[in-house]
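# Structure at a glance
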There are 2 protein chains.
Amino acid sequence: MSETHTGVTTPRPGSPPGAAGEPVISCGEEHEDCGIRDVLDRIGDKWSVLVIVELAAGTRRFRELLRAVPGISQRMLTLTLRRLERDGLVHRTVHPTVPPRVEYRLTAMGHGLTLLLKGLADWSADHRAAIAASRRRWDAEHPEADIR
Amino acid sequence: MSETHTGVTTPRPGSPPGAAGEPVISCGEEHEDCGIRDVLDRIGDKWSVLVIVELAAGTRRFRELLRAVPGISQRMLTLTLRRLERDGLVHRTVHPTVPPRVEYRLTAMGHGLTLLLKGLADWSADHRAAIAASRRRWDAEHPEADIR
DNA sequence: CGGAATCCAAATAGATACTG
DNA sequence: CAGTATCTATTTGGATTCCG
């Protein structure tokens, strides 16, 4: 789910070994949903949205985020924050004190993204019941189907 | 119904940092995701968006989708379609002929979702360059970092 | 406190073969 | 044509330990 086919994708220094001529189903030139994958790959994971939502409320320290996002592990919070930082959605400030103090806040672009997330959240809320009902109906009509 | 309990709010300019008071997130009373997770879990996977985008153009048969979405396997197309159907985003019509003819089309709710996806696609397109640049910078500043 | 490193379990995706 | 059924490979997330 990470860096897919941006067309300009940066292969990081320590690129994967072997695996030369990968097909890499690059969305040719006709499919216009190309850029959207970058964003979906980011917000589609398990924790990014929750972290972004928390940061939308203001600057937070690492430990604060850990508490604010219930269930997230230290490792996943670190990974999530690094990825968001790498994409330019989150800014990280290190205060060279003892003990260390590291603060995270959304960048302007990150804040812009929250507007879209709000739209998504609204739509989700509006259709939550319908989706749940549809699932119940489908599950009833397809017993012993294993889709997940 | 749209402005009820949404997930993200725009931070006020003078918001005190780390003010442990009111969470600016209102997802009802508990820390639930407002149902946005249901939607993200669906559109966040590898293929759903591509399938939805293709169906947004009109009714499609299974084989047509298989050709239209480059790289998807038969199995993943089936799974993706079943999940979308279960959520009430896609409708499936079986014509009892020989050979079988199965058609897929978006439901009204599915079409509604495409509007949001368009918003996301637009935003992605607008920030694609910025994101790519941010990634290059980050990767340059963090050699041998493996964020995946 | 804020991580990085390691190991392991689970979820997800892909290839292939078979069928009504 | 439109799927299932298996099996395997890859990705992802979680738990734990250690460290400046």
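Residues numbered from 1 in each chain as written. Chains lettered and ligands numbered in written order. Predicted model: local features only at pLDDT ≥ 70, side-chain atom pairs only at ≥ 80, totals over all residues. Heavy atoms only, no water.

### Here's the deal with the overall build of chain A
Scanning chain A for helices and strands turns up five helices and three strands. Residue pairs at least 24 apart in sequence account for 46% of intrachain contacts in chain A once pairs closer than 6 positions are excluded. Total accessible area on chain A stands at roughly 7,500 Å², and carbon and sulfur atoms take up 57% of it. (Helix = DSSP H or I, 4+ residues; strand = E, 2+ residues; numbered from the N terminus. Contact = heavy atoms within 4.5 Å. Areas by Shrake-Rupley, 256 points an atom, 1.4 Å probe, with all protein chains shown as cover.)

### Regarding the protein's contact with DNA strand C
Near DNA strand C you find 20 residues, and of these Arg63(A), Arg82(A), Arg92(A), Tyr104(A) and Lys46(B) are the closest. Atoms of DNA strand C within 4 Å of the protein belong to the sugar or the phosphate in 61% of instances, the rest to bases. One of the backbone N or O atoms of Arg63(A) is found 2.9 Å from a phosphate oxygen in DNA strand C. Arg92(A) is positioned such that a nitrogen or oxygen atom in its side chain is 2.5 Å from a phosphate oxygen of DNA strand C. Of all elements in the fold, only helix H3 (62-68), helix H4 (74-86) and strand S3 (101-106) of chain A together with helix H4 (74-86) of chain B reach the threshold of two or more residues within the surface near DNA strand C. (Near = heavy atom within 4 Å. Polar contact = N/O pair within 3.5 Å; in protein donor to acceptor, adjacent residues only side chain to side chain.)

### Digging into the confidence of the model for chain A
With 77% of its residues at a pLDDT of 70 or more, chain A has an overall mean of 82. In this model, residues 1-30 of chain A is a region of pLDDT below 50 whose contacts with residues beyond four sequence positions or in other chains number 40 contacts. (pLDDT = per-residue confidence, 0-100.)

### Some words on empty space enclosed by the protein
Enumeration according to the criterion identifies four cavities of 30 Å³ or more in this entry. For the second largest cavity, the calculated volume is near 50 Å³. Lining the second largest cavity we find Asp38(A), Val39(A), Arg42(A), Ile43(A), Asp87(A), Leu89(A), Leu113(A), Trp123(B), Ile131(B) and Arg135(B). Per-element tally for the lining of the second largest cavity: the top contributor is helix H1 (residues 34-43) of chain A, with four residues. Across the lining of the second largest cavity, the residue classes break down as six nonpolar, no polar and four charged. (1 Å grid on protein atoms, 1.4 Å probe; cavity = no way out; pocket = protein on both sides within 12 Å on 5 of 7 lines; lining within 4 Å. Points joined across faces, edges and corners; volume = space filled by probe spheres on them. Nonpolar A, V, L, I, M, F, W, Y, C, P; charged D, E, K, R; others polar.)

### A closer look at the pairing of S3(A)
Residue and element names in this part refer to chain A. In this sheet, S3 lies alongside strand S1 (residues 60-61) in antiparallel orientation, the contact comprising two bridges. In the strand pairing of S3, Arg61 is matched with Glu103. Strand direction decides the pairing type here: strand S2 (residues 90-95) and S3, joined by six bridges, are antiparallel. When the sheet's bridge partners are listed, Arg92 is paired in S3 with Tyr104. (Pairing = 2+ DSSP bridges.)

### Some remarks on the sheet that holds strand S3 (residues 101-106) of chain B
All names here are of chain B. A sheet is described by the order of its strands in space; here three strands give the open sequence S1-S3-S2, paired in antiparallel fashion. The strands lining the two open edges of the sheet, one partner per strand, are strand S1 (60-61) and strand S2 (90-95). Relative to S3, helix H2 (residues 48-56) is tilted by about 95°, and along the sheet it contacts S1, S2 and S3. (Axes fitted to C-alpha atoms, helices over the stretch in contact; angles between N-to-C directions.)

### A closer look at helix H5 (residues 108-141) of chain A
The end-to-end C-alpha distance of H5(A) is 47 Å, a good match for the 50 Å that 34 residues give at a rise of 1.5 Å each. Where H5(A) bends most, the angle comes to about 50°, and this point is His127(A). (Expected span 1.5 Å × (residues − 1). Bend = angle between axes of the 7 residues up to and from the residue.)

### Here we look at the side chain of Arg83(B)
In this fold, Arg83(B) is placed in helix H4. Asp45(B) is the oppositely charged side chain nearest to the buried, salt-bridge-free Arg83(B), at an N-O distance of 4.3 Å. Setting aside chain neighbours within four positions, we find Arg83(B) in contact with Ile147(A), Arg148(A), Arg42(B) and Asp45(B). (Buried < 20%, exposed > 50% of the residue type's maximum accessible area, 1.4 Å probe, protein only. Lys, Arg positive; Asp, Glu negative; His and termini not counted. Salt bridge = Lys/Arg side-chain N within 4 Å of Asp/Glu carboxyl O.)

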